[in-house]
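# Remarks on the overall topology
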Amino acid sequence: MKKRHFAPSELIINEDGSCFHLHLRPNQLADKVMLVGDPGRVNTVASHFSEIEHEVSSREFHSITGIYAGKRITVLSTGIGCDNIDIVMNELDALANIDFNSRTEKEKHRTLTIVRLGTCGGLQPNTPVGTFIASVKSIGFDGLLNYYAGRDNVCDLKLEEAFKKHMQWNPQKGAPYVAIADSELIDQIAQDDMVRGYTIACGGFYGPQGRVLRIELADPNQNEKIESFEYNGIKICNFEMESSALAGLSSLLGHRAMTCCMVIANRLIKEANTGYKNTIDTLIKKVLERI
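Here goes a summary of the coordinates provided. (Residues numbered from 1 in each chain as written. Predicted model: local features only at pLDDT ≥ 70, side-chain atom pairs only at ≥ 80, totals over all residues. Heavy atoms only, no water.)

## What about the packing of helix 1 (residues 39-46) against helix 7 (residues 281-290)?
This is how it is decided: Inter-axis angles, ranging from 0 to 180 degrees, are taken between N-to-C directions of lines fitted to C-alpha atoms, where helices are fitted over the stretch in contact. A run of H or I in DSSP becomes a helix once it reaches four residues, and a run of E becomes a strand once it reaches two; helices and strands are each numbered from the N terminus. Here the word oblique covers every angle except those under 35 degrees (roughly parallel), over 145 (roughly antiparallel) and from 65 to 115 (roughly perpendicular). A clockwise turn of the near helix away from the far one marks a right-handed crossing, whereas an anticlockwise turn of less than a right angle marks a left-handed crossing. Here a residue-residue contact requires only that any non-hydrogen atoms of the pair lie within 4.5 Å. Put simply, Ala, Val, Leu, Ile, Met, Phe, Trp, Tyr, Cys and Pro go in the nonpolar bin, Asp, Glu, Lys and Arg in the charged bin, and everything else, Gly too, in the polar bin.
Contact geometry of helix 1 with helix 7 gives a least axis separation of 10 Å together with a crossing angle of 60 degrees. Accordingly, the angle class assigned to the pair helix 1 and helix 7 is oblique. Crossing handedness for the pair helix 1 and helix 7: right-handed. Taking contact as the criterion, the partners of R41, T44 and V45 in helix 1 are, on helix 7, D281, I284 and L288. The residue inventory of the contact of helix 1 with helix 7, partitioned by class, reads three nonpolar, one polar and two charged.

## What to know about unusual backbone geometry
Put simply, the rule is: For every residue, the accessible area (1.4 Å probe, protein chains only) is compared with the maximum for its type, and the residue is labelled buried under 20%, exposed over 50%, or partly exposed between those bounds.
A positive phi is found at R103, a non-glycine position, where the angle reads about 60 degrees. In this structure, R103 sits in the loop between strand 5 (98-99) and strand 6 (104-105). Judged by its relative accessible area of 14%, R103 falls in the buried class. Despite not being glycine, Q191 shows a phi value in the positive range, around 45 degrees. Along the chain, Q191 falls in the loop between helix 4 (183-190) and strand 10 (195-201).

Following this line, the structure appears as structure tokens:
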């Protein structure tokens, strides 16, 4: 079978041999990858490395590859939102599975292990500020995965339908999808000290998460309906903005991925911790030890 060739307009490679947005070259990517939103948090993670191999910065994409406890790890910032995860996941996979010289797919698939570490808003009484949550399944409000063939094969379609029925979903918002994290990786990272549940991955921080400033919401009861939703004994634990795209694209591309977040605000009891940067290092250390 003839190898598929990826044209320069589809796979953009910089003059130095790096991928277009991330500016990483194939040899600079480790098999174990930690994703963070904030470019500044990359240095916080890398401060635990015993050795630094590479450091690259381009726009919001800041990466450091180094060694932690004998493990080679790349930590990379994604910025905010599922649209950025689309860039990150496609370029990480290209670095791993496309030969940049011939622009063809490599014969042997390279599987990446990817853990996104971030912050979120808790939605249940058992998710107060400071709770660590592992997203078992993520309900994407962003619609990103709907642009890719095979999305039905990597999504929980029954949960999607139950959620839309419960929410009385307005089709003007676009179809939500339910992406499934890698179950073995969830067990490996979450162990017995993280809450496991469903996550809403929102397409914005304000209206999509039910916040009201100077524009009223299309559905003022959205958050109450989300908080009351339950499927197979599991509730929606939190809001964040990237987990659905990460889980869905990783499944389609053949990688292992999951998201774990620290709650910095609980929407149910209306509390928040703006000083979370001083405490998230605990979660960073757990993920570094377990990845």
